[in-house]
Structure formats: structure tokens, C-alpha cells
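Descriptive analysis of the structure
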Amino acid sequence: MSEMMLDTVADTTAESQFELCPKFEKTFSILGKKWNGLIIDVLLEDGPQRFKNLARRVPKCSDRVLVVRLKELEENGIVSRVTHADSALIEYRLTAKGADLRQVMNTVHNWSDKWFSPAQG
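The text that follows walks through the structure, step by step, so that each part is easy to find.

Rules behind the numbers
- Residues numbered from 1 in each chain as written.
- Predicted model: local features only at pLDDT ≥ 70, side-chain atom pairs only at ≥ 80, totals over all residues.
- Heavy atoms only, no water.
- Helix = DSSP H or I, 4+ residues; strand = E, 2+ residues; numbered from the N terminus.
- Buried < 20%, exposed > 50% of the residue type's maximum accessible area, 1.4 Å probe, protein only.
- Contact = heavy atoms within 4.5 Å.
- Areas by Shrake-Rupley, 256 points an atom, 1.4 Å probe, with all protein chains shown as cover.
- Core = buried A, V, L, I, M, F, W, Y, C linked by side-chain atoms within 4.5 Å.
- Axes fitted to C-alpha atoms, helices over the stretch in contact; angles between N-to-C directions.
- Parallel < 35°, antiparallel > 145°, perpendicular 65-115°, else oblique.
- Left-handed = near helix turned anticlockwise from the far one by under 90°.
- Salt bridge = Lys/Arg side-chain N within 4 Å of Asp/Glu carboxyl O.
- Nonpolar A, V, L, I, M, F, W, Y, C, P; charged D, E, K, R; others polar.
- Pairing = 2+ DSSP bridges.

Further remarks concern the overall build of the chain. The helix and strand inventory of the chain stands at seven helices and two strands. Scanning the chain from its N terminus toward the C terminus, one meets helices and strands in the order α-α-α-α-α-β-β-α-α. Counting every position in the chain, which comprises 121 residues, the buried fraction comes to 25%. Pairs at least 24 residues apart make up 48% of the contacts formed inside the chain by residues separated by at least 6 positions. For the chain, the accessible area works out to roughly 9,000 Å², and carbon and sulfur atoms hold 57% of it.

See below:
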């Protein structure tokens, strides 16, 4: 077999053995969804928020999509929806799991500050 064919066989074997860690894949399937990072960032920076306040802070996200994203984050244990018994007030807040993303979000902020100019934002 030629050297080129051996390299191709070796590359194919290495590729077929490579698998993403399921936990890593799950994490990026959540954080990589459009608007999720911004929603988490608002809750990290400003604490519990009513829906209308979140909608104001993430203005390009439609209300319909915001509802879907909040439900997904809630299903994944990152956000909790808190209903106050004595009023119609509903707030969204980060769970302990969601709050643990602070360091990740800080790292993303630092990376974006380094590599993107304000004009690119």
C-alpha cells in the first residue's frame, strides 16, 4: 500500500474512533442555542426577572421564542420559574446549576472582549 493510502486509512480510523463527550455535547446543545447565553447572562447580572423585564433586556428575541427558551432552560434545571402565592407575580431565576455558569460566562465575556471590536457586536 502506498504511503498516501496508509495515511488515509490511519486518518479514517482516527476519525471513526473520535467521539464527543456526551456531557460536553449536552452542554453546548443548551448554551449554543440562540438567546440562551443572553438569557443566562441577564439573570446572572441582574438576578431574578419578570418575563417583561427579560424581554426588554433581550429585545431581538421574540416573546414566543423567549417562552420556549425559558421552558427549555427550566427543563434542563438551569432556570426556575417562581410563582408567588400572594400575587400574580412570576419570576425567572437561576438555579444553583445555572448560577454555576458564572465563571463560564465571565470567560466568554473576556474572550469576546479580546477578539471582537465593539463595531462587530
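Having seen the structure, we can now continue with the description.
Another aspect to go through is the nonpolar core. Within the largest apolar cluster, 21 residues are counted, with the highest numbers of intra-cluster contacts made by Ile39, Ile40, Leu54, Ile78 and Val79. Elements with a contribution of two residues or more to this core: helix H3 (36-46), helix H4 (51-57), helix H5 (63-75) and strand S2 (90-94). Not counting residues up to four positions away in its chain, the partners in contact with Leu54 are Ile39, Val42, Leu43, Gln49, Leu66, Leu70 and Tyr92.

A few words now on the packing of H3 against helix H7 (residues 102-115). It is at 11 Å that the axes of H3 and H7 come closest, and there the two elements cross at 110°. Taken together, H3 and H7 sit at an angle that is classed as roughly perpendicular. Considering how the two elements wind past one another, H3 and H7 form a crossing that is left-handed. Where H3 approaches H7, its residues Gly37, Ile40, Asp41, Leu44 and Glu45 are matched on the opposing element by Arg102, Met105 and His109.

So, on to the pattern of salt bridges. Any two side chains of opposite charge can pair, so long as their charged atoms come close to each other. Under the defined criterion, the tally for this structure stands at four salt bridges. As a salt-bridge pair, Arg57 and Asp46 come within 1.7 Å of each other at their nearest N and O atoms. Taken as a pair, Arg57 in helix H4 and Asp46 in helix H3 lie far apart in primary sequence, eleven residues in all. Among the ionic pairs, Arg69 bridges to Glu72, the shortest N-O distance being 3.3 Å. Of this pair, Arg69 and Glu72 both sit in helix H5, three residues apart, which is roughly one turn of the helix. Here Glu72 falls in the buried class, since its relative accessible area comes to 19%. Taken together, the shared-partner salt bridges in this structure form one network comprising Lys33, Arg69 and Glu72.

Turning our attention to the packing of H3 against H5. Two elements in contact, H3 and H5, have axes whose closest approach is 10 Å; the angle formed by their N-to-C orientations is 75°. The angle between H3 and H5 falls in the class roughly perpendicular. Contacts between H3 and H5 involve Asn36, Ile39 and Ile40 from the first element and Leu66, Arg69, Leu70 and Leu73 from the second. In terms of residue class, the contact of H3 with H5 is made up of five nonpolar, one polar and one charged.

Let's shift gears to the pairing of S2. Judged from the five bridges that link them, strand S1 (residues 79-83) and S2 form a sheet pairing that is antiparallel. Its bridge partner being in S2, Val79 is matched across the sheet by Leu94. Taking the residues between adjacent antiparallel strands as the criterion, S1 and S2 are bridged by six residues.

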